[in-house]
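# Coordinates in review
As a plain string of letters, each chain reads:
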Amino acid sequence: MTSLKKLLLGEQGLVVIFAIAFAIVALTVPNFLTERNMLGLLQSVVTIGIVACTMMFCLASRDFDLSVGSTVAFSGMVAVMASNASGSIVIGLLAALLCGGAVGLVNGVVIARFRINALITTLATMQIVRGLALIASDGRAVGINDPGFYQLALSKFLGIPSPIWVMAAFFVLFGFVLNRTVFGKNTLAIGGNPEASRLAGVNVSNMRIWIFMLQGLVCAVAGVLLASRITSGQPNAATGLELSVISACVLGGVSLAGGRAAMTGVIVGVLIMGIAENVMNLLNIQAFYQYVVRGLILLLAVLLDNLRSAAAGGRT
């Protein structure tokens, strides 16, 4: 019984549960395994998947970032507005990266230097950045002038849309950073014991600032791709994204208490979120009930995190 519990709560157990759930859904839900639906499913999780790559680092270092949804919307809108004004998509992309990085820098400095709680800080910037997006656009969607901007999301390579390739590249890149670099190991060390990390020579404050800056830059990339896919800059886009991303990370084994994270688990968590959404749409479940399901998934994620923490505590 103890061995079964360890398996189910471990990273391998999550993959096994996901495989079983995927097989059941594939056998019971009509049209689930069609190529069109699979590509649509992966397209639908691109934003969550990209942002989860760096949210993993935030959570692993004992921090939160609730401003990711607002940053995605603001960055996408800035990219569209800058492209329209300058006539250059490249300038639009650079402007989006600059804005996303700036939001991340502000979050990091306020949290690390002024020692303000991450939850409160990012809750404040979530409101501020969303407000800036609404002010800049006068509360309306901003249309795209250059048709080339659409190709960022519509272009394909080997029959697979480019945003899916970008998400896959981010999974590989940040998986490598987490497992094979000093930055990744220091992130986990800070989450495990910040004071011990500081005594060991890790600049904890600078690390936290860099993590939040990375989060902002990645949100900018996600925002540009989202704006291209929905064919406009939307100040109200990505509302509630932060909860979906955190749910995916925690489902994937990232500890809310910090110090534990694995990219393979995050990928599975992202896919679980996407499949749940996809199945509800295929079964024509009303949007009202979908809110309930998302809330239940978040509760399940926190419950699993508590069980994993208890199991880890029992082994030490």
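Please refer to the structure higher up on the page.
Here's what I pulled together on the structure shown here. It should be emphasised that the depicted structure is a prediction, and the values quoted were computed from it without experimental measurement. (Residues numbered from 1 in each chain as written. Predicted model: local features only at pLDDT ≥ 70, side-chain atom pairs only at ≥ 80, totals over all residues. Heavy atoms only, no water.)

### Topic: the packing of helix 3 (residues 35–44) against helix 14 (residues 263–282)
Across the interface, helix 3 lies against helix 14 with an axial gap of 9 Å and an inter-helix angle of 125°. Taken as axis vectors, helix 3 and helix 14 run oblique relative to one another. Between helix 3 and helix 14 lies a crossing of right-handed hand. Residues Asn 37, Leu 41 and Leu 42 of helix 3 form the contact with helix 14, whose own contacting residues are Leu 271, Gly 274, Ile 275, Asn 278 and Leu 282. The class makeup of the residues in the contact of helix 3 with helix 14 is 5 nonpolar, 3 polar and no charged. (Axes fitted to C-alpha atoms, helices over the stretch in contact; angles between N-to-C directions. Helix = DSSP H or I, 4+ residues; strand = E, 2+ residues; numbered from the N terminus. Parallel < 35°, antiparallel > 145°, perpendicular 65-115°, else oblique. Left-handed = near helix turned anticlockwise from the far one by under 90°. Contact = heavy atoms within 4.5 Å. Nonpolar A, V, L, I, M, F, W, Y, C, P; charged D, E, K, R; others polar.)

### Some details on the packing of helix 6 (residues 89–112) against helix 7 (residues 118–137)
Packing of helix 6 against helix 7 brings their axes to within 10 Å, and their N-to-C directions diverge by 150°. Regarding the angle of helix 6 to helix 7, the classification is roughly antiparallel. In this structure, helix 6 meets helix 7 at a crossing whose hand is right-handed. Contacts between helix 6 and helix 7 involve Val 103, Asn 107, Val 110 and Ile 111 on the former and, on the latter, Ala 118, Thr 121, Thr 122, Thr 125 and Val 129. Classifying every residue of the contact of helix 6 with helix 7 by side-chain character gives 5 nonpolar, 4 polar and no charged.

### Observations regarding helix 14
Taking 1.5 Å as the rise per residue, helix 14 with 20 residues should run 28 Å; its terminal C-alpha atoms sit 28 Å apart, in good agreement. Count one or two residues on from helix 14 and you reach Asn 284, which has phi positive near 55°. (Expected span 1.5 Å × (residues − 1).)

### Points about the packing of aromatic side chains
Within this structure, the stated rule accounts for 6 aromatic pairs. A centroid spacing of 5.4 Å and a plane angle of 65° characterise the contact between Phe 22 and Phe 32, whose relative ring orientation is edge-to-face. Pair noted here: Phe 22 is in helix 2 (residues 11–28) and Phe 32 is in the loop between helix 2 and helix 3, with a separation of 10 residues, a long-range link. Ring geometry for Phe 157 versus Trp 165: centroids 5.6 Å apart, planes at 65°, classification edge-to-face. Taken together, the ring pairs in this structure connect Phe 57, Phe 170, Phe 174 and Phe 183 into an aromatic cluster. Cation over ring: Arg 294 sits above Tyr 291, and NZ or CZ is 5.2 Å from the ring centre. (Phe/Tyr/Trp six-rings, centres within 6.5 Å; stacked < 30°, edge-to-face > 60°. Lys NZ or Arg CZ within 6 Å of the ring centre and 35° of its normal.)

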